[in-house]
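Each chain, written out:
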Amino acid sequence: MKRTRVRLGRNSYDICIGSGLLMQTGRQLREIGFSDKLVIITDPTVKGLYGNTLSQSLTGEGFKVTILEVPEGEEQKSLDTAGRLYNELSNFHAERTTPILALGGGVIGDLTGFVAATYMRGVPLIQMPTTLLAQVDSSIGGKVALDHGQLKNKIGAFYQPRLVISDITTLKSLTTTELSQGLAEVIKYAAIRDKGFFAYLERNLEQIKSLDEGVLEDIVLRSAKIKAEIVEKDELDFGLRHILNYGHTVGHAIESASDFKAGHGEAVALGMLAAGRISNKLGMLSQNELIRLKEVIQRVGLPTKMPSLEVGRIIQAMEFDKKIFEGKIRFILLRSLGEAFITDEVSPSLIEQALVDWSEET
Ligand SMILES: NC(=O)c1ccc[n+]([C@@H]2O[C@H](COP(=O)([O-])OP(=O)(O)OC[C@H]3O[C@@H](n4cnc5c(N)ncnc54)[C@H](O)[C@@H]3O)[C@@H](O)[C@H]2O)c1
């Protein structure tokens, strides 16, 4: 098992990464000092795959366990579902010291995190992410949130978990599509922060796709360390943490201009390429690096061609996007592979030119 730490003073916590960790969770939680009862929140698919293993590990250490099930899907990140969970927690006589374990992908992590942050004004939260996206991104950094009408991820809090347990073995049951959604984020970390990691991805993509546990453990660990380092410097997302939005400015615009037909990972991949092209036009990211970025994205099965959308619609969507900062569009660009920076100074004509060139090339 590998371990890294998110250092946030009294809110610090460990991220444990390795194979077969679900089976060791009972012992691990005992060692931390939890006693008595625990609640697991999960969805039917994840419960069917891993619910028994986790429950047995916990009951084997004498914990009294209840599993609360939430149907799958983004629509469960709602106040209604949270309300139902509060009732179930209360029926189970969950107390302020009763830990809640979020076993699942980012939907379960965000929803459970919100419930843990608010039930009894906050109970201990253990993130147990089972998708690649959740292991490298949503379980780390304490953003917990629900959707409400048009407000996606806007009703929430910063609430750090007490521990993150990423069992690599769970990644083996993901579909190829789910794996590539997570790989979009992994590529993002390498592109913004670590050119050595980028080269590692280039060398090991085949092992990643064939779900080699050693390589998966490495990429989850390296991604988690990058996210932890950024969160430590800007926990509340007022500055540096914005670089995690690399690929999101154009990505979100593509998602809304295509009426959300593009999946999030696909949209981020396209957004990373668009930001790469803009960086290149500004004389930063070299042509060779832009090609390397495109090839890695392509090799993990994510799209690299400008979608058949009017450039005007994408720009319009960007203007409505939350990244508009004092009337300017905020971009995360690359000086080179592994080095990102935040800017509000990209002219609309340059954005347009980069997108037009891209659409003509494909
Ligand atoms: N809090 C944050 O910082 C943050 C960051 C990024 C994304 N998010 C959120 O994360 C969510 C997306 O998360 P996601 O991509 O993990 O999707 P998800 O949680 O919807 O999971 C996708 C599907 O995979 C299934 N699944 C989960 N683990 C599995 C496994 N090991 N084997 C087989 N199937 C499995 C689930 O049942 C679900 O049907 C969005 O709501 C997004 O807003 C949050």
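Residues numbered from 1 in each chain as written. Predicted model: local features only at pLDDT ≥ 70, side-chain atom pairs only at ≥ 80, totals over all residues. Heavy atoms only, no water.

**Concerning the packing of helix 3 (residues 79–91) against helix 4 (residues 106–118)**
One way to put it is that helix 3 packs onto helix 4 with a least axis distance of 10 Å and a crossing angle of 55°. The orientation of helix 3 relative to helix 4 falls into the category oblique. For the pair helix 3 and helix 4, the sense of crossing is right-handed. Across the interface between the two elements, L79, T81, A82, L85, Y86 and L89 from helix 3 touch L111, F114, V115 and T118 from helix 4. (Axes fitted to C-alpha atoms, helices over the stretch in contact; angles between N-to-C directions. Helix = DSSP H or I, 4+ residues; strand = E, 2+ residues; numbered from the N terminus. Parallel < 35°, antiparallel > 145°, perpendicular 65-115°, else oblique. Left-handed = near helix turned anticlockwise from the far one by under 90°. Contact = heavy atoms within 4.5 Å.)

**Points about the packing of helix 6 (residues 176–193) against helix 10 (residues 264–281)**
One can describe the packing of helix 6 onto helix 10 by two numbers: an axis separation of 8 Å at closest approach and a directional angle of 30°. Judged by the angle between their axes, helix 6 and helix 10 are roughly parallel. The two elements helix 6 and helix 10 meet at a crossing, and its hand is left-handed. Residue-level inspection shows Q181, A184, E185, I187 and K188 of helix 6 in contact with helix 10, the latter providing H264, G265, E266, V268 and M272. Broken down by class, the residue content of the contact of helix 6 with helix 10 amounts to four nonpolar, three polar and three charged. (Nonpolar A, V, L, I, M, F, W, Y, C, P; charged D, E, K, R; others polar.)

**Some points on the pattern of salt bridges**
Within the structure shown, the criterion is met by 25 salt bridges. Among the ionic pairs, D14 bridges to R3, the shortest N-O distance being 2.7 Å. Linking D14 in strand 2 (residues 13–18) with R3 in strand 1 (residues 2–6), this pair joins segments that are eleven residues apart in sequence. Accessibility expressed as a relative area gives 16% for D14, which makes it buried. Ionic pairing is found between R335 and E339, a salt bridge with its closest N-O pair at 3.6 Å. Under the relative-accessibility criterion, R335 is labelled partly exposed at 41%. (Salt bridge = Lys/Arg side-chain N within 4 Å of Asp/Glu carboxyl O. Buried < 20%, exposed > 50% of the residue type's maximum accessible area, 1.4 Å probe, protein only.)

**So, the nonpolar core**
Counting 81 residues, the largest nonpolar core has L132, I187, F197, I219, Y246, F331 and L355 as the members making the most contacts within it. Counting residues per element, this core draws most heavily on helix 8 (residues 213–233), which supplies ten residues. When near neighbours in sequence (up to four residues on either side) are disregarded, F331 contacts T249, V250, I278, M318, F341, I342, T343, V346 and I351. Membership of the second largest hydrophobic core comes to 20 residues, among which are I41, V123, L125 and L146. (Core = buried A, V, L, I, M, F, W, Y, C linked by side-chain atoms within 4.5 Å.)

**Thoughts on the packing of aromatic side chains**
A complete count under the given rule lists two aromatic pairs for this structure. Seen in terms of ring centroids, Y86 and Y119 are 6.5 Å apart; in terms of plane orientation they differ by 15°. Their pairing is stacked. With Y86 in helix 3 and Y119 in the loop between helix 4 and strand 6 (125–129), this residue pair connects regions lying 33 residues apart in the sequence. Here F197 and Y200 contribute two aromatic rings whose centre-to-centre distance is 6.4 Å and whose plane-to-plane angle is 35°, an arrangement assigned as tilted. Separated by three residues within a single helix, F197 and Y200 lie in helix 7 (residues 195–209), roughly one turn from each other. The exposure classification of F197 matches that of Y200, with both residues buried. It is R30 that lies over the ring of F63; its NZ or CZ is 4.1 Å from the centre. Across from the ring centre of F92, 5.8 Å away, lies the NZ or CZ of K37, which sits over that ring. (Phe/Tyr/Trp six-rings, centres within 6.5 Å; stacked < 30°, edge-to-face > 60°. Lys NZ or Arg CZ within 6 Å of the ring centre and 35° of its normal.)

**Some remarks on the layout of surface pockets**
Here the second largest pocket is characterised by a volume of approximately 260 Å³. Forming the walls of the second largest pocket are 13 residues, and the residues nearest its centre are N11, Y159, Q160, P161 and R162. Split into classes, the residues belonging to the lining of the second largest pocket amount to five nonpolar, four polar and four charged. (1 Å grid on protein atoms, 1.4 Å probe; cavity = no way out; pocket = protein on both sides within 12 Å on 5 of 7 lines; lining within 4 Å. Points joined across faces, edges and corners; volume = space filled by probe spheres on them.)

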